[in-house]
Amino acid sequence: MSLSGTGKFKEPCCDTGDSYRHSWYPPEVNTSDPIAAGQLLMHNTLTGKKEPFVPMKERHVRWYTCGPTVYDSSHVGHARTYLSFDIMRRIMTDYFHYNVLFQINTTDIDDKIILRARQNELLRQLEEDKSVSYEKLVGLAKEAVEEAKAKSDEKKVAIEAELEEVTAKKDSRRRTEQEGLLEQHLVKRKNLDNDEKNVLEACSASPDEKDARAILFVAAKSVLAEKLDREKGHLVTDHAVFNAHARKYEREFMEDLDALGIREPDILTRVTEYVPHIIAFVEKIIDNGFAYKSNGSVYLDLDAFQAAKHNYRKLSPAGPGGAATSAAEMAEGEGALGGGEASEKRNPNDFALWKASKAGEPAWESPFGPGRPGWHIECSVVATDILGEVLDIHSGGEDLKFPHHDNELAQSEACLGCQQWVNYFTHTGHLHIAGLKMSKSLKNFVTIRQSLEHNTARQLRIMFLLQAWDQPMNYSDQTVEDARSKENTFKSFFRAVQALVRDDYLSQEVGWRMGDVDHKLAEAYLAARQSVHENLLDNFNTKDAMGALLKIINEANAYLRTPNAQPSTLLLRAIATYITEILKVFGVIDGADDFGFGSGGYGAG
C-alpha cells in the first residue's frame, strides 16, 4: 500500500520525547477513496463490481487460470485472454510486488477433443484408402453436404420455434439468447452454403485432372468429417489417437504463448494426469451427500446442495437456485457429445461430475464404471491440489462464467464443505470480429500464428493494453493500426532522447535553462507518474495508464519544439526511463537498456 497526500499539513507533532527537537508537521493523508489510500481495486465477477484486493494470507497470491481445450489452433480471442492475464500478472508481481503462484491447466479430455480426434483419424483413413475411387468420393461428398443441410434446416426450425415461444411468454432473457443463437446459426448456414459451392465445383472436375482428389478432399473436409463420425466414430477406441491430438495442440499453444511474450505459468497441469485425483474428489462429494450415481455417470445433486444453504450460479445469476437456466445453457454444459441424459438426472440442471463413456470415447476404470471426467470437475481438482482449498484469484474468458465456472464453484464447495472456494473471479471480455464473437464454430477466427504473420507480438500486446481487459473489444484493421501508431509514437520519442543523451551534456550548463517551461514539463512528468499509478490501482486500467504515458510524450515533444530550446537532458532521460520501466512491466519491452525498445526480443520489428 502506498499513501497519497492532500497537499496540506496536519497539526504539528510536538511531543517528540526530545526537548531539543522542533515540532514536525506531518503531511495530511488523502483518505477520500480506496485508490488515494493505495488500495488495489479488482473487478470481481462474484460481486459484479470492483473490490479492494486482499490476499488471503500475507502478500501471497494463489492464482488459477483455465487453459485451453487443446483440440485446435488457438486464435486471437485466446490471445486476448492470455495476454490480458499476463499483463495483470506482471503488474501484480513487477509493479505491486505481490508473491504470485500462477497455475494454468490444459483440458486434454473433452467432447471437442474426442470429436475432432475421431474425425481427423477417420479422414486420414479415408484419404489413405486407395479402394475408395474418385467417383465414390464424389458421391460421399455430395451425400455429406445434403445431410449437413438437412441437419441445419432442422436446427433452424427448432431455434425459430423456441424464439416464437419465448417471445409469446415475454421472456426477454431467453428471447435475447435465442436471437443470438439464430444469428450464429445463420452465419454457420452461410458457411455451409459456401462449403457446398466449393464441393460441387470440386466434384465437377475430371478425375484425370491434376490433384482432383486432393482438391475435392479439402473442399469436402468439414462435411465429410461430420458424416464419417456419425457413421464410424464409435469404432475409434485407441487412447493414443486422442492423446496424440491433444499433445499436438497443447505444444502449439505453449509455442504461441512464447511467441506472444507471455510468461510461462509457475505450474502447468493436465487433466489426463489427474484422473485418480478426480475419482477421489467425486467420491468425496458423493460421501458428503451432494452427488449421486446414475447409469455409470455421477451428477451433482443441486437440490441437496442448495438445501444445505449453498448458492448456485454465483457468477451469472438466473433466478433462485439457477431456476431460469435454459436448455441451451444446459446443452453448453453437457458438451458436444451430450444429450439423452435428462432421464438420468433428478433435476434437469444437475451436471455431470463423471460421464459414462460411450463407444468411441476414451474410458478410465472407476468405482462408478468405465468413464471419463466431466468438463468442470478437472479445474476444481487440479487447482485445489496445487493451490489449496482457497484460491485468491480464478480467471478465464467471459464465455466460461456459466456453466463452467459456476459449476466449478458448486462442486468445490460440495467437496470441501466451504461457502467460498474463490475470493476473486476475473473474466476477460469477448473479442468481436465484424460484430460477432470470434469463434471456431462460426469460422470467423484468425489464429495467433496468422496474426503474427502481419503484426508483431509487441503490436498485439499494445492493442490489448489500449482496451479495458474486462470489457468486449473489436478486432479490426483500425484497432491494429492504432496499436502500430502508438508504437511509433514511443519509438520516435525514444530516438529523440537518445540523440540528446549521445551529446556531451556535461560540457554545457546542466541546470534548467528554460524557466517556466522546464517547471511545466517536470510537473507534467510527476502528474503522469501519479496517473499511471492510480490507473493501475484502479482495476489494472492499462488503457488510461497508456494514455498517461502518451500524454507526457506529447508534453515532452512540445517542450522540445520550444523556440530556441535548451532542453534538460536529464529530465527528458528520466521521462524516457520511466516510460520504459512501465512498458517493461506491461511486457512491451524485454531488453536491458535504460530506455527505448532496444534491438531484440519478441517485440522487435
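Structure: see above.
A brief look at the structure comes next. (Residues numbered from 1 in each chain as written. Predicted model: local features only at pLDDT ≥ 70, side-chain atom pairs only at ≥ 80, totals over all residues. Heavy atoms only, no water.)

1. Section: the sheet that holds strand E14 (residues 431-433)
Read from one edge to the other, the open sheet built from three strands follows the order E15-E14-E16, with strand pairing classed as mixed. On the outer flanks of this sheet lie strand E15 (436-437) and strand E16 (473-474), each paired with one strand and no other. Relative to E15, E14 runs antiparallel, the two being bridged by two bridges. Looking at the pairing, Ile433 lines up with Leu436 of E15. (Pairing = 2+ DSSP bridges. Helix = DSSP H or I, 4+ residues; strand = E, 2+ residues; numbered from the N terminus.)

2. Overview of the nonpolar core
Within the largest apolar cluster, 80 residues are counted, with the highest numbers of intra-cluster contacts made by Met92, Phe490, Phe493, Phe494, Ile579, Leu583 and Phe586. Those residues within four positions of Leu583 in sequence are excluded, and the remaining contacts are Phe490, Phe494, Met546, Leu549, Val588, Ile589 and Phe597. Counting residues in each nonpolar core, the second largest holds 42 residues, with Leu300, Trp354, Val381 and Trp421 among its members. (Core = buried A, V, L, I, M, F, W, Y, C linked by side-chain atoms within 4.5 Å. Buried < 20%, exposed > 50% of the residue type's maximum accessible area, 1.4 Å probe, protein only. Contact = heavy atoms within 4.5 Å.)

3. Here we look at the packing of aromatic side chains
Using the criterion set out here, one finds 15 aromatic pairs in the structure. Between Tyr82 and Phe253, the ring centres sit 5.2 Å apart and the planes meet at 70°, which makes this aromatic pair edge-to-face. Of this pair, Tyr82 sits in helix H1 (residues 76-95) while Phe253 is found in helix H6 (residues 239-259), placing the two residues 171 residues apart along the sequence. In this structure, Tyr82 and Phe253 share a single accessibility class: buried. Three or more aromatic residues link up through ring pairs in this structure, and these residues are Phe493, Phe494, Phe595 and Phe597. The ring of Phe597 has Arg458 lying over it, and the distance from NZ or CZ to the ring centre is 4.0 Å. (Phe/Tyr/Trp six-rings, centres within 6.5 Å; stacked < 30°, edge-to-face > 60°. Lys NZ or Arg CZ within 6 Å of the ring centre and 35° of its normal.)

4. Quick word on the side chain of Gln119
The residue Gln119 is located in helix H2 (residues 111-128) in this model. Residue Gln119 is classed as buried on the basis of its relative accessible area, which comes to 12%. The contacts of Gln119, once residues within four sequence positions are left out, are Ala225, Glu226 and Asp229.

5. Notes on helix H15 (residues 516-537)
Its 22 residues give H15 an end-to-end C-alpha distance of 31 Å, which sits within 8% of 32 Å, the value for a rise of 1.5 Å per residue. When we look at burial in H15, the residues that qualify are Asp518, Leu521, Ala522, Ala524, Tyr525, Ala528, Val532, His533, Asn535, Leu536 and Leu537. The inward-facing, buried residues of H15 contact strand E3 (41-44), H1, helix H16 (542-560) and helix H17 (569-585). Of the residues one or two after H15, Asn539 is the one with positive phi, at around 65°. (Expected span 1.5 Å × (residues − 1).)

6. Observations regarding the environment of Lys584
Position of Lys584 relative to the elements: it lies in helix H17. Accessibility expressed as a relative area gives 26% for Lys584, which makes it partly exposed. For Lys584, the side chain forms a polar contact with the main-chain oxygen of Asp593, separated by 3.0 Å. (Polar contact = N/O pair within 3.5 Å; in protein donor to acceptor, adjacent residues only side chain to side chain.)

7. Quick look at the packing of H16 against H17
As a packed pair, H16 and H17 sit with axes 11 Å apart at the nearest point and diverge in direction by 160°. Regarding the angle of H16 to H17, the classification is roughly antiparallel. Two packed elements cross with a definite hand, and for H16 against H17 that hand is left-handed. Of the residues in H17, those touching H16 at Met546, Leu549, Ile552, Ile553, Ala556, Tyr559 and Leu560 are Leu572, Ile575, Tyr578, Ile579, Ile582 and Leu583. Of the residues contributing to the contact of H16 with H17, the split by class is 13 nonpolar, no polar and no charged. (Axes fitted to C-alpha atoms, helices over the stretch in contact; angles between N-to-C directions. Parallel < 35°, antiparallel > 145°, perpendicular 65-115°, else oblique. Left-handed = near helix turned anticlockwise from the far one by under 90°. Nonpolar A, V, L, I, M, F, W, Y, C, P; charged D, E, K, R; others polar.)

8. Brief notes about the pairing of strand E7 (residues 267-270)
Burial of the side chains of E7 is restricted to one face: Ile267 and Thr269 are buried, whereas none of Leu268 and Arg270 on the reverse face is. Here four bridges tie strand E6 (residues 99-107) to E7, and the two strands are oriented parallel to one another. By the bridge assignment, Gln103 is partnered in E7 with Ile267.

9. What about the sheet that holds strand E8 (residues 291-294)?
The strand order across the open sheet formed by four strands is E8-E9-E10-E11, and the pairing between neighbours is antiparallel. Since the sheet does not close on itself, it has two edges, and those belong to E8 and strand E11 (371-373), each with one partner. Taken pair by pair, the neighbouring strands of this sheet meet at an average axis angle of 25°, ignoring direction. Sheet topology note: the E8/strand E9 (residues 297-300) ladder contains four bridges and is antiparallel. The residue of E9 that forms the bridge with Lys293 is Val298.

10. Observations regarding helix H7 (residues 275-287)
Think of an α-helix as turning once every 3.6 residues; residues three or four places apart then point the same way. Look at H7: 18 Å from first C-alpha to last across 13 residues, which is about the 18 Å you get at 1.5 Å a residue. As for H7, its buried residues are in contact with E8, E9, strand E10 (352-356), E11, helix H10 (377-387) and helix H11 (401-416).

11. Quick word on the pattern of salt bridges
Evaluation of the coordinates by the stated rule reveals 39 salt bridges. One salt bridge in this structure joins Glu146 and Lys149, with 3.7 Å as the shortest N-O distance. Here Glu146 pairs with Lys149, and both are found in helix H3 (residues 134-168), just three residues apart, close to one helical turn. The buried category is assigned to Lys149, whose relative accessible area is 18%. The partner of Lys227 in a salt bridge is Glu231, with the nearest N and O atoms 2.8 Å apart. (Salt bridge = Lys/Arg side-chain N within 4 Å of Asp/Glu carboxyl O.)

12. Brief notes about unusual backbone geometry
Cis geometry is adopted by the peptide bond preceding Pro403, which originates at Phe402 and carries an omega value of 10°. Of note, the phi angle at Asp211 is positive, near 60°, even though the residue is not glycine. Here Asp211 shows up in the loop between helix H4 (172-203) and helix H5 (212-232). Residue Asp211 is classed as partly exposed on the basis of its relative accessible area, which comes to 46%. With a phi close to 70°, Lys309 is a non-glycine residue in the positive phi region. In this fold, Lys309 is placed in the loop between helix H8 (302-307) and helix H9 (327-334). Classification of Lys309 by relative accessible area gives exposed; the value is 68%.

13. Examining the packing of H1 against helix H13 (residues 457-465)
Contact geometry of H1 with H13 gives a least axis separation of 10 Å together with a crossing angle of 75°. In this view, H1 runs roughly perpendicular relative to H13, as classed from their interaxial angle. On the side of H1, the interface is formed by Val76, Ala79, Arg80, Leu83, Asp86, Ile87 and Arg90, while H13 contributes Leu460, Arg461, Phe464 and Leu465.

14. Overview of the side chain of Asp470
Inspection of the secondary structure assignment puts Asp470 in the loop between H13 and E16. Among buried Asp, Glu, Lys and Arg side chains, Asp470 stands out as unpaired, with Arg80 the closest opposite charge at 6.6 Å. Within polar-contact distance, the side chain of Asp470 engages the side chain of Asn539 at 3.1 Å. The residues touching Asp470, leaving out its near neighbours within four places in the chain, are His43, His427, Thr428, Gly429 and Asn539. (Lys, Arg positive; Asp, Glu negative; His and termini not counted.)

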